[in-house]
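As a plain string of letters, each chain reads:
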Amino acid sequence: MTGQTAKIASLCECGSMAVRQVNQFILHDELWWDSEFSCGSCGTYLCEHAGPGPAPDDVRETLLAAHGSVRLRLVGSVPSLVPALKVFREATAASLSRARELVGELSHDGLVGTLSEMEFLKARLQMRGVPVDVDR
């Protein structure tokens, strides 16, 4: 399983400093994220979210700050980028114009994101015959 975790300090309702742990990972061929909150002072523990789908910006930013970004790149020639368009439409629910933009980025400098996001797209693209790899 490919995944990343990051912990950040967060203020609890009791006034103490608590910990928020965010995670992003691939489970059952889907991109998942979750967020947990725990306070050692008052014992509060919350699962803020656990499920499939793209992580919200604050979770992504926390993971990128903790681990840095990775880049998904084409590593060979492709006769057609139509399979890549299909992957972006299916995997990210992108509009056709946004999928074209993503294919353009993939074709040039590559796509940048969290490790889990890029590994998820890599697996989907490779299943459609698009030669890609992740630069860490």
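Residues numbered from 1 in each chain as written. Predicted model: local features only at pLDDT ≥ 70, side-chain atom pairs only at ≥ 80, totals over all residues. Heavy atoms only, no water.

Here the focus is the side chain of Asn-23. Its place among the elements puts Asn-23 in strand 2 (residues 17-27). Given a relative accessible area of 8%, Asn-23 falls into the buried group. A polar contact of 3.2 Å, which involves the side chain of Asn-23, links it to the side chain of Gln-21. Sequence-distant contacts of Asn-23, that is, excluding residues within four places in its chain, are made with Gln-4, Thr-5, Trp-32, Trp-33, Asp-34 and Glu-36. (Helix = DSSP H or I, 4+ residues; strand = E, 2+ residues; numbered from the N terminus. Buried < 20%, exposed > 50% of the residue type's maximum accessible area, 1.4 Å probe, protein only. Polar contact = N/O pair within 3.5 Å; in protein donor to acceptor, adjacent residues only side chain to side chain. Contact = heavy atoms within 4.5 Å.)

Before going further, it helps to examine the pattern of salt bridges. Under the counting rule described, the total for this entry stands at ten salt bridges. Across the pair Glu-117 and Arg-60 runs a salt bridge whose closest N-O atoms are separated by 2.5 Å. In this pair, Glu-117 is assigned in helix 4 (residues 115-127) and Arg-60 in helix 1 (residues 57-67), connecting sequence segments 57 residues apart. This pair shows no difference in class: Glu-117 is buried, exactly as Arg-60 is. The closest approach of N and O atoms between Glu-90 and Arg-128, which form a salt bridge, is 2.9 Å. A residue pair is termed long-range when its members are at least 10 positions apart, and Glu-90 in helix 2 (residues 82-92) and Arg-128 in the loop between helix 4 and strand 7 (132-135) qualify at 38 residues. Put simply, Glu-119, Lys-122, Asp-133 and Arg-136 are held in one network by salt bridges that share partners. (Salt bridge = Lys/Arg side-chain N within 4 Å of Asp/Glu carboxyl O.)

A word on the packing of aromatic side chains. Using the criterion set out here, one finds one aromatic pair in the structure. Seen from their ring centres, Phe-25 and Trp-32 are 6.2 Å apart, and the 25° between their planes marks the pair as stacked. In this pair, the class of Phe-25 matches that of Trp-32, namely buried. (Phe/Tyr/Trp six-rings, centres within 6.5 Å; stacked < 30°, edge-to-face > 60°.)

Owing to its 3.6 residues per turn, the α-helix brings residues three or four apart onto one side. The terminal C-alpha atoms of helix 3 (residues 96-107), which comprises twelve residues, lie 16 Å apart, in line with the 16 Å expected from a rise of 1.5 Å per residue. All buried positions along helix 3 are accounted for by Ala-99, Leu-102, Val-103 and Leu-106. The arc that holds the buried residues of helix 3, viewed along the axis, is 100°, so those residues lie on one side. Against the buried residues of helix 3 lie strand 5 (70-74), helix 2, strand 6 (111-113), helix 4 and strand 7. (Expected span 1.5 Å × (residues − 1). Arc of directions from axis to C-beta.)

Now for the side chain of Arg-20. Structurally, Arg-20 is set in strand 2. Within the local environment of Arg-20, its side chain forms a polar contact with the side chain of Glu-48, the two groups lying 2.8 Å apart. Setting aside its immediate chain neighbours within four residues, Arg-20 contacts Ala-6, Lys-7, Ile-8, Ser-10, Ser-35, Glu-36, Phe-37, Glu-48, Asp-58 and Val-59.

Another aspect to go through is the pairing of strand 4 (residues 45-52). Here strand 3 (residues 30-38) runs beside strand 4; their pairing, made up of seven bridges, is antiparallel. Its bridge partner lying in strand 4, Asp-34 is registered against Ala-50. The hairpin turn running from strand 3 into strand 4, its antiparallel successor, is six residues long, and Gly-43 in that turn takes a positive phi close to 85°. (Pairing = 2+ DSSP bridges.)

The next subject is the packing of helix 2 against helix 4. Packing of helix 2 against helix 4 brings their axes to within 9 Å, and their N-to-C directions diverge by 135°. The angle between helix 2 and helix 4 places the two elements in the oblique class. Note on packing geometry: the crossing formed by helix 2 with helix 4 is right-handed. Contacts between helix 2 and helix 4 involve Ala-84, Val-87, Phe-88, Ala-91 and Thr-92 from the first element and Phe-120, Leu-121, Arg-124 and Leu-125 from the second. Here the contact of helix 2 with helix 4 is composed, by residue class, of seven nonpolar, one polar and one charged. (Axes fitted to C-alpha atoms, helices over the stretch in contact; angles between N-to-C directions. Parallel < 35°, antiparallel > 145°, perpendicular 65-115°, else oblique. Left-handed = near helix turned anticlockwise from the far one by under 90°. Nonpolar A, V, L, I, M, F, W, Y, C, P; charged D, E, K, R; others polar.)

Nothing here speaks to function; it is all geometry.
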